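Examining the three-dimensional arrangement
Below are the chains, spelled out letter by letter.
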Amino acid sequence: MSATTIARQCTLCEAHCGILVTVDGPQVTRIEGNPADVLSQGYICPKATAMGGLHHDPDRLRTPVRRVGDRFEPIGWDEAFREIGQRLRAVRSTYGPSAIGMYLGNPAAHSSSVIYGALLRAVLLTRNFFSASSIDQFPQEFVAWRMFGSNVLMPVIDIDRTDRLVILGANPAVSNGSITTMPNAKQRIKDVRGRGGKVVVIDPRRTETARLADQHVAVSPGGDVYLLLAMLHVLIAENLCDDDAIRAQCTGWEQLRPLVAEATPEQMAPHAGVDAATIRVLAREHAAASSAVLYARIGVCQQVTGTLTHWLVNTINAVTGNLDRVGGQMFATPPIDAARFAKYLPMGYGAWTDRSGTYKAFRTELPVAVLADEILTEGAGRIRAMITYAGNPTLSTPQRGRLGAALDSLDFYVAVDMYVNETTRHADIILPPISPLEREDVNILFPVFSVRNNLRYDARVFDPPADGLEDWQILARLITELVPIPARRFTTRALNTLFEQFSPVRLATAGVAAGPYGVLRRGRKGLSVAKARASAGGIDLGPLRPRLRALLGTRDRKVHLAPADFLAAAHTVLADARAGSAITTPADGYDLKLIGRRHLRSNNSWLHNLPPMVKGRDRCTALMHPADAAERGLSDGEPVTVTSKTGAIVVTLEVSDDIRAGTIAIPHGWGHQEPGVGWRVAAQLPGANVNLLHDPSLTDVFSGNAAVNNTWVSVTRAPALPASVGADPAEQISEEQLTT
Ligand SMILES: Nc1nc2c(c(=O)[nH]1)N[C@H]1C(S)=C(S)[C@@H](COP(=O)(O)OP(=O)(O)OC[C@H]3O[C@@H](n4cnc5c(=O)[nH]c(N)nc54)[C@H](O)[C@@H]3O)O[C@H]1N2
Ligand SMILES: Nc1nc2c(c(=O)[nH]1)N[C@H]1C(S)=C(S)[C@@H](COP(=O)(O)OP(=O)(O)OC[C@H]3O[C@@H](n4cnc5c(=O)[nH]c(N)nc54)[C@H](O)[C@@H]3O)O[C@H]1N2
Ligand code: SF4
Ligand SMILES: [Mo]
């Protein structure tokens, strides 16, 4: 058979780099960067080859499976849907709609099938909807809603034109950017410096990104809120703000002054862990630069002050005239202009709460921190059945180790996933979609957050198997089973036929045609999915343009700099610090702050089954400063027990002065030793589940986002690593597995 090469994207992370996939018959033989891709221009990271590895992974499910005792056995699609329908409808009619809970995981956002995920969520009419967003970007959405009037209006950084880039709590050199689609972030950062600009990284760890920067500021974990309040103090005290921009764009400016009056750099420095002189320079240089942008991401979302910190980030950008301006924070004009319409969607903040009354629903969703409780706690409104779609919350969310038992206690659990992972292993039925290389797609989400406007098309590399279903087809069939209709037999067929007419690609095609560049508006010269399909690297739609005024969803069409409850919360944070209980003050008798970290060859919990992604040294290690190690008599490479209020895990110690003293960093997404998990490679180098250490009740005050970077721990020598934790996979994985 002769080789062919097909252009599409790698859909593993938000960068969505263009790739060229060469296949010889049924085998992927090569994956390389696509130089013609309008956004990634040939760049790929080492994970791109995982697109082939996943396709060929023998552990990937190819048919639906049903639990029989401790094992899963293949069953047919029709039988699976029939049983799921009966079981879910029974739960709903006995206990009501909220007895069916749903969890939507991160990869769902990487295909347009997610439209059907949203539809299923709507049909369920449940209060118990959860997603990875509440351990990720909830604070950013919350801030966007309160400041700009819509949660979708999370600004993007105009990295390619800025003169000053200040990064807090993000490591784009590894993550390749998030809520800013910027493939090859590393090069873009180097380019800021190359054109004479300056790059600063504010992070407790000297990260891969910090190594590219002019300056690294090793803030205390959780110290950002103090640092930013002090920066705002300097900007105001020294008259460094852009009054014209503020007057034209914003309201609430006058209320900020009294808030930061006493938040001097000297007062804030000990709480931020950054000296006063550095804070002053950060403020002055931000104001002096011809364009400047503060970019913050999950490091600060996953803090109890997640919302406050992101509010201050946007505020400092706005008051220095860097909001909606070239080189600052901007908003894309995507081919389907979701932000234009999202402002009409009600956020429903507090429309309901979890049963304990602690957490308010935000955009129809409860924080994932309460998932296990909502299943396990007895009483009315308890979840009795679950649907999970593309997620692994057992490893990816803090649940005090109780989620497995909670899932086992359900009347019924159905998972839409191509693996038996630590979560789906508890399911009654697992429904696997076809492999990403077997689907065609037009991603409509990431152009909303891209550094250049664009439209790209994902071509199928392989024809799907005759009995294979895409996620959206699976979700549509679940919807059909749950729509309350009489004469189900007949109507089911009719509904399924109807849904088949509305594939996400067809919906996207219509949306693009009707969008701002579309053929319906611009005639024959306009944009269409057909044109994107015909262009192997997609279509570039130009640089970002200022447009916030048209997007603002606030009633007065202004940016709200000082929402009253944000102000009140910030006053409390300052008062607490004055009283000696700053967020950065050790608590609960523990003496080290635990934060997370990501690795270039990992992606949350689910690439550890591919040998090329896990070869080399054990990566699930605790990174500790030499002074902290010496103080505890610990040395590099030895096993340590890390203990928090909620649990203990054993990992290998890695001593390095890359991390700030008083802080340790452990990556999430590990802990694959659970029995019955279908990841044979991952099980051989399981690592440990860091989320056992995080207290689910520690959350961002406003959004309920899990505050996993705010965990106090202690570290002691461990007798030994549990069997096979941290072993070198290359020695254990068979030759045959390594070559697939
Ligand atoms: N402590 C700590 N915890 C964290 C984080 C942290 O920084 N620290 N980060 C958090 C963040 S930002 C995120 S986004 C979450 C991620 O958390 P989750 O979204 O819960 O988990 P993933 O590890 O992404 O699991 C993805 C699952 O989706 C499946 N999958 C992949 N592609 C598809 C597909 O196309 N269709 C279907 N149906 N299934 C698919 C995979 O097989 C895998 O089982 O983790 C969070 N957890
Ligand atoms: N290789 C790889 N890429 C990925 C992923 C992956 O798992 N692996 N996951 C993808 C997903 S789902 C997401 S959401 C994105 C996330 O992308 P990023 O937001 O870039 O996430 P991280 O790399 O975890 O970077 C967070 C940084 O915050 C720092 N930090 C922790 N606490 C604090 C604090 O209190 N203050 C400050 N200033 N910094 C702090 C950490 O040291 C870390 O360097 O990455 C995506 N890309
Ligand atoms: S950065 Fe890597 S994982 Fe992310 S889309 Fe690009 S190639 Fe894929
Ligand atoms: Mo994420």
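Residues numbered from 1 in each chain as written. Chains lettered and ligands numbered in written order. Predicted model: local features only at pLDDT ≥ 70, side-chain atom pairs only at ≥ 80, totals over all residues. Heavy atoms only, no water.

**Quick notes on the sheet that holds strand S1 (residues 3-9)**
Strand order across the open sheet formed by three strands is S1-S2-S3, with antiparallel pairing between neighbours. Taken across any chain shown, the strands that pair with only one partner, and hence form the sheet edges, are S1 and strand S3 (27-33). Within this sheet the neighbouring strands show an average axis-to-axis angle of 25°, counted without direction. Alignment of S1 against strand S2 (residues 18-24), held across seven bridges, turns out to be antiparallel. Paired with Ala 3 across the two strands is Asp 24, which belongs to S2. (Pairing = 2+ DSSP bridges. Helix = DSSP H or I, 4+ residues; strand = E, 2+ residues; numbered from the N terminus. Axes fitted to C-alpha atoms, helices over the stretch in contact; angles between N-to-C directions.)

**Brief notes about the confidence of the model for the protein chain**
Predicted confidence across the protein chain gives a mean pLDDT of 95, with 97% of residues reaching 70 or more. Low pLDDT, under 50, characterises residues 724-740; the stretch is placed with 27 contacts to residues that sit more than four places away or in other chains. (pLDDT = per-residue confidence, 0-100. Contact = heavy atoms within 4.5 Å.)

**Concerning the site of ligand 3**
Every residue close to ligand 3 is listed here: Cys 10, Leu 12, Cys 13, Ala 15, His 16, Cys 17, Ile 44, Cys 45, Lys 47, Ala 48 and Asn 176. Per-class residue counts for the shell around ligand 3 are eight nonpolar, two polar and one charged. (Near = heavy atom within 4 Å. Nonpolar A, V, L, I, M, F, W, Y, C, P; charged D, E, K, R; others polar.)

**Describing the site of ligand 1**
With respect to spatial proximity, 32 residues lie near ligand 1, and among them Tyr 103, Asn 106, Ser 396, Asn 421 and Ser 605 are the closest. At 3.1 Å from a nitrogen atom of ligand 1 is found a main-chain nitrogen or oxygen belonging to Val 416. Within the side chain of Asn 691, one N or O atom sits 2.9 Å away from a nitrogen atom of ligand 1. Burial of ligand 1 by the protein amounts to 98% of the accessible area it has alone, namely 920 Å². Of the residues that constitute the shell around ligand 1, the class distribution is 15 nonpolar, 12 polar and five charged. A domain-level breakdown of the shell around ligand 1 finds at least three residues from each of domain 2 (59-126 + 395-443 + 457-502) and domain 4 (586-739). (Polar contact = N/O pair within 3.5 Å; in protein donor to acceptor, adjacent residues only side chain to side chain. Areas by Shrake-Rupley, 256 points an atom, 1.4 Å probe, with all protein chains shown as cover. Domains from an automatic or database assignment.)

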